[in-house]
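The lines below spell out each chain.
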Amino acid sequence: ISLFEEKIMIVVYTVIAASFCIVLIQFFIQGFLRNQFNDQTDAYRLIVFSLAVIVASIPIALPIVMQVTMAIGMKELGEVHKAVVTSVPA
């Protein structure tokens, strides 16, 4: 893994960790301060909403991962196969 890949993965992990933190804060505020853990349907709705936020945050990091993957492939094409890559269509 190159230094560039490490930096990009740090950004991706930071975005995902931030979304988990936001979901945990939201989960406890809704659950404890608004007493939504008392009713089963409210607790179910809260869990579904939290999972939806987590799942929706993953595509935020997806373009970063795709660009890094394409750049690594471009580098390999140039070094191993001696190909000239002029652009990376995304």
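Residues numbered from 1 in each chain as written. Predicted model: local features only at pLDDT ≥ 70, side-chain atom pairs only at ≥ 80, totals over all residues. Heavy atoms only, no water.

A. Main features of the overall build of the protein chain. If you tally the helices and strands in the protein chain, you get two helices and zero strands. For a compact globule of 90 residues, the expected C-alpha radius of gyration is about 12 Å, and the protein chain comes in at 20 Å, more than 25% above that figure. C-alpha atoms of the protein chain, sized along the principal axes, occupy 65 × 20 × 15 Å. With 90 residues in all, the protein chain has 18% of them scored as buried. (Helix = DSSP H or I, 4+ residues; strand = E, 2+ residues; numbered from the N terminus. Rg over C-alpha atoms; globule rule 2.2 N^0.38 Å. Buried < 20%, exposed > 50% of the residue type's maximum accessible area, 1.4 Å probe, protein only.)

B. Expanded view of the pattern of salt bridges. Enumeration over the complete set of coordinates arrives at one salt bridge. Among the ionic pairs, Asp42 bridges to Arg45, the shortest N-O distance being 3.5 Å. Of this pair, Asp42 and Arg45 both sit in helix α2 (residues 40-80), three residues apart, which is roughly one turn of the helix. Taking relative accessible area as the criterion, Asp42 reaches 23% and is therefore assigned partly exposed. Judged by relative accessible area, Arg45 falls into the exposed class, the value being 56%. (Salt bridge = Lys/Arg side-chain N within 4 Å of Asp/Glu carboxyl O.)

C. Structural context of the packing of aromatic side chains. Taken as a whole and judged by the stated rule, the model has two aromatic pairs. Centre to centre, the rings of Phe28 and Phe32 are 5.5 Å apart; their planes meet at 0°, and the pair counts as stacked. Note that Phe28 and Phe32 are positioned in helix α1 (residues 3-33) at a spacing of four residues, about one turn of the helix. An aromatic cluster is defined as three or more aromatic residues linked by ring pairs; in this entry it consists of Phe27, Phe28 and Phe32. (Phe/Tyr/Trp six-rings, centres within 6.5 Å; stacked < 30°, edge-to-face > 60°.)

D. Geometry of unusual backbone geometry. Despite not being glycine, Lys82 shows a phi value in the positive range, around 55°. Here Lys82 is to be found in the segment after α2.

E. Here's a closer look at α1. Its 31 residues give α1 an end-to-end C-alpha distance of 44 Å, which sits within 8% of 45 Å, the value for a rise of 1.5 Å per residue. The complete set of buried residues in α1 reads Ile8, Val12, Ser19, Val23, Gln26, Phe27, Gln30 and Gly31. Just beyond α1, the residue with positive phi is Asn35, at close to 55°. (Expected span 1.5 Å × (residues − 1).)

F. Region of the structure containing the side chain of Gln26. Considering the arrangement of structural elements, one finds Gln26 in helix α1. Not counting the four nearest positions on each side in its chain, Gln26 is found in contact with Leu46, Phe49 and Ser50. (Contact = heavy atoms within 4.5 Å.)

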